[in-house]
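Below, each chain spelled out in residue letters.
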Amino acid sequence: MAVIEKFSTKLDGKIYSWVNPSAEDIGASSIEFLNALPGPTHIHVSGEDSSRCRATVTLLHGNEPSGLHAIYEVLKQRVPAAVDMHYFILNVDAARQAPGFIYRMLPQHKDLNRCFKPPYGNTEPELLAKNLIRLLQQLQPECVIDIHNTSGSSPSFGVTTFMDERHDALVSLFTHRMIVTDLQLGSLMEISETMMPTVTIECGGAQDRESHLMATEGLSKYISLQDILSERHEDMSLEFFHNPMRLELKEDRDIAYGDHCLLSEGVTLLPGVENYNFGFVDSSIRLGFVAGILKDSLSLKDTAGAEMISDYFELRRGELYPRKKIKLFMVTSNPEIARKDCLFYLVEPDD
Ligand SMILES: [Zn+2]
């Protein structure tokens, strides 16, 4: 019999608890499942070996549904859990805003996946982040995966702030691309340093059908295999991308997307830039337009915080070009995400 607490609209960072929901309890679709949640929810599913447990976090961003879909599928299909499973579905309120899965976070709220670092303030996302950390400290899962979607169409990849075979093994349940970063932004995976192995899985675009499938397949392995930390689970080897840099918009500038310069102050990116996700661009590829001086509109910091924009990009008669061969990923065509987060990440080729 499922135990579920009553819904409350109070914003206090509360995470509701739901123990062993039945296939009937969760509804007939992932949307019905979302609507059955009382708010941010912790679902506890008993596994064969209850002396161990693993955690899965998703919907830190309300517009990234693949993780929710995967949890719905494994609950519906009753995929047997090798160990106890703890699912945390957090930004339910943002995900539910009509027409559904549109808002990364509620308007005026902080990005929840930038809140996992002290000091924790008293806003709803910071309280939620703090409560999740407290629950993970209590439960001591052997590992945590945090399932996201990329904002644009993209191949899947994993992200880690910590390099060792446990993190490689976790990512290889889902994908063969692995980004290793030192960037400290306050994202959940940064708890790897002090708590337990934690990786971010980026399933590809929210609109891409394969994203839901890969999330479900990976999660099924994550919950059913006895050992998920000591060996890689794909035949193909992992492709690593080290220390990506973020191309960010300067605070007082704006961004637009179009095939000619749309702003008299700021950046216009060509809409097709999204197609370069995990592809190379070089100095022959026009990316867009910048009105005025490059460094007044865009910033590219290395991991030491040094400004690198002029080393990697240049303007030719107002048109934006890379100065050298680089690989792009997390390219967004959503101006809101470009403004609040970044335009894209880039790495230099290894060769
Ligand atoms: Zn996300």
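The structure presented is a predicted model; accordingly, all values stated were derived computationally and were not measured. (Residues numbered from 1 in each chain as written. Predicted model: local features only at pLDDT ≥ 70, side-chain atom pairs only at ≥ 80, totals over all residues. Heavy atoms only, no water.)

Colleague: Can you break down the overall build of the chain residue by residue, with the values?
Modeller: Looking only at helices and strands, the chain has nine helices and 20 strands in total. Oriented by its inertia axes, the alpha-carbon framework of the chain measures out at about 70 × 45 × 35 Å. Taken across its 351 residues, the chain has 56% of its residues classed as buried. The long-range fraction of contacts in the chain, counting pairs at least 24 apart against all pairs at least 6 apart in sequence, stands at 71%. (Helix = DSSP H or I, 4+ residues; strand = E, 2+ residues; numbered from the N terminus. Buried < 20%, exposed > 50% of the residue type's maximum accessible area, 1.4 Å probe, protein only. Contact = heavy atoms within 4.5 Å.)

Colleague: Give me the lowdown on the coordination of the zinc ion, citing residues and values where you can.
Modeller: Geometrically, a metal with four donors at the corners of a regular tetrahedron has ideal angles of 109.5 degrees, and one with six donors at the corners of a regular octahedron has ideal angles of 90 or 180 degrees. Within the protein, the zinc ion binds to His61 (ND1), Glu64 (OE), Glu64 (OE) and His148 (ND1); these donor distances fall in the range 2.0 to 2.6 Å. One way to put it: the four donor atoms around the zinc ion meet at angles of 55 to 143 degrees, and that makes the site irregular. When the donors of the zinc ion are listed by position in the chain, the intervening gaps give H-x2-E-x83-H. This pair shows no difference in class: His61 is buried, exactly as Glu64 is. (Donors = N, O, S within 2.8 Å, 3.2 Å for Na, K, Ca; no water. Tetrahedral: all angles 85-135°; square planar, octahedral: opposite > 155°, others 65-115°.)

Colleague: Explain the sheet that holds strand β18 (residues 319-322) to me, using residue names and the numbers behind them.
Modeller: Strand order in the open sheet formed by five strands is β12-β13-β15-β18-β17, and the pairing between neighbours is mixed. This sheet does not close on itself; its edge strands, each paired only once, are β12 (254-257) and β17 (313-316). The mean angle between the axes of side-by-side strands here comes to 30 degrees, regardless of whether they run parallel or antiparallel. Note that β17 and β18 share four bridges and pair antiparallel. Bridge pairing in β18 places Glu314 opposite Tyr321. (Pairing = 2+ DSSP bridges. Axes fitted to C-alpha atoms, helices over the stretch in contact; angles between N-to-C directions.)

Colleague: So what's going on with the sheet that holds strand β14 (residues 280-281)? Which residues, and what values?
Modeller: The strand order across the open sheet built from five strands is β14-β19-β20-β11-β16, with neighbouring strands paired in antiparallel fashion. The sheet is open, and its two borders are formed by β14 and β16 (298-301), each paired with just one other strand. The sheet contact formed by strand β11 (residues 245-249) and strand β20 (residues 344-347) spans three bridges and is antiparallel. Across the sheet, residue Met245 finds its bridge partner in β20, namely Leu346.

Colleague: Outline the nonpolar core, listing residues and values.
Modeller: Residues Phe33, Tyr87 and Tyr222 are the most contacted members of the largest nonpolar core, which totals 42 residues. The element contributing the most residues to this core is helix α2 (residues 66-76), with six residues. Excluding residues that lie within four positions of it along the chain, Tyr222 makes contacts with Arg54, Ala55, Thr56, Met85, Cys143, Val144, Ile145, Leu170, Leu173 and Ile228. Ranked by size, the runner-up nonpolar core spans 28 residues in total, among them Tyr257, Leu300, Val331 and Phe344. (Core = buried A, V, L, I, M, F, W, Y, C linked by side-chain atoms within 4.5 Å.)

Colleague: Which residues make up the packing of aromatic side chains, and what values go with them?
Modeller: Where two aromatic rings form a pair, the distance of their centres and the angle of their planes describe that pair. On inspection of all chains with the given rule, the structure shows eight aromatic pairs. With a centroid separation of 6.2 Å and an interplanar angle of 50 degrees, the aromatic rings of Phe313 and Phe344 are classed as tilted. Here the residue Phe313 occupies a position in strand β17, and Phe344 occupies one in strand β20, the gap between them amounting to 31 residues. Accessibility classification places Phe313 together with Phe344 in one group, the buried group. With centroids separated by 5.7 Å and ring planes inclined at 15 degrees, the aromatic side chains of Phe329 and Tyr345 adopt a geometry described as stacked. Of this pair, Phe329 sits in strand β19 (residues 326-329) while Tyr345 sits in strand β20, and the two are 16 residues apart along the sequence. Classification of Phe329 by relative accessible area gives buried; the value is 1%. According to the relative accessible area criterion, Tyr345 is buried, its value standing at 11%. Among the aromatic residues, ring-to-ring pairing joins Phe157, Phe241, Phe278, Phe329 and Tyr345 into one connected group. (Phe/Tyr/Trp six-rings, centres within 6.5 Å; stacked < 30°, edge-to-face > 60°.)

Colleague: Lay out the domain arrangement of the chain with the relevant residues and their values.
Modeller: Under the domain assignment, the chain is made up of domain 1 (3-241) and domain 2 (245-347). Listed per partner, the contact involves 19 residues of domain 1 and 15 residues of domain 2. Roughly 1400 Å² is buried in total at the junction of domain 1 and domain 2, and carbon and sulfur atoms are behind 69% of that figure. The largest contributions to the domain 1 side of the interface with domain 2 come from Ser151, Leu183 and Phe241, which together make up 32% of the buried area. A salt bridge links Asp341 to Arg104; the nearest nitrogen and oxygen atoms lie 3.7 Å apart. Between the two partners, domain 1 and domain 2, sit three residue pairs in polar contact (both at pLDDT 80 or more). (Domains from an automatic or database assignment. Buried area = accessible area lost by both parts, 1.4 Å probe. Salt bridge = Lys/Arg side-chain N within 4 Å of Asp/Glu carboxyl O. Polar contact = N/O pair within 3.5 Å; in protein donor to acceptor, adjacent residues only side chain to side chain.)

Colleague: Outline the side chain of Glu202, listing residues and values.
Modeller: Looking at the element boundaries, Glu202 is found in strand β9 (residues 198-205). We note that Glu202 is buried and unpaired, the nearest opposite charge coming from Arg104 at a distance of 7.3 Å. Dropping the residues within four chain positions of it, Glu202 is found in contact with His148, Asn149, Thr150, Ser156, Phe157, Val159 and Met330. (Lys, Arg positive; Asp, Glu negative; His and termini not counted.)

Colleague: Could you give an account of unusual backbone geometry, naming the residues involved and the relevant values?
Modeller: Glycine aside, residues mostly have negative phi angles, and peptide bonds mostly take the trans form. In this structure, Pro99 follows Ala98 across a cis peptide bond, with omega equal to 0 degrees. Structurally, Pro99 can be placed in the loop between α3 (92-96) and α4 (124-139). Omega for the bond connecting Pro118 with Pro119 falls within 30 degrees of zero, at 0 degrees, which places this linkage in the cis form. With respect to the helices, strands and loops of the structure, Pro119 is situated in the loop between α3 and α4. In this model, Leu59 sits at a positive phi of 55 degrees, which is unusual for a non-glycine residue. With respect to the element layout, Leu59 can be found in the loop between β4 (49-58) and α2. The backbone of Arg317 shows a phi angle near 50 degrees, a positive value even though the residue is not glycine. Looking at the element boundaries, Arg317 is found in the loop between β17 and β18. Given a relative accessible area of 78%, Arg317 falls into the exposed group.

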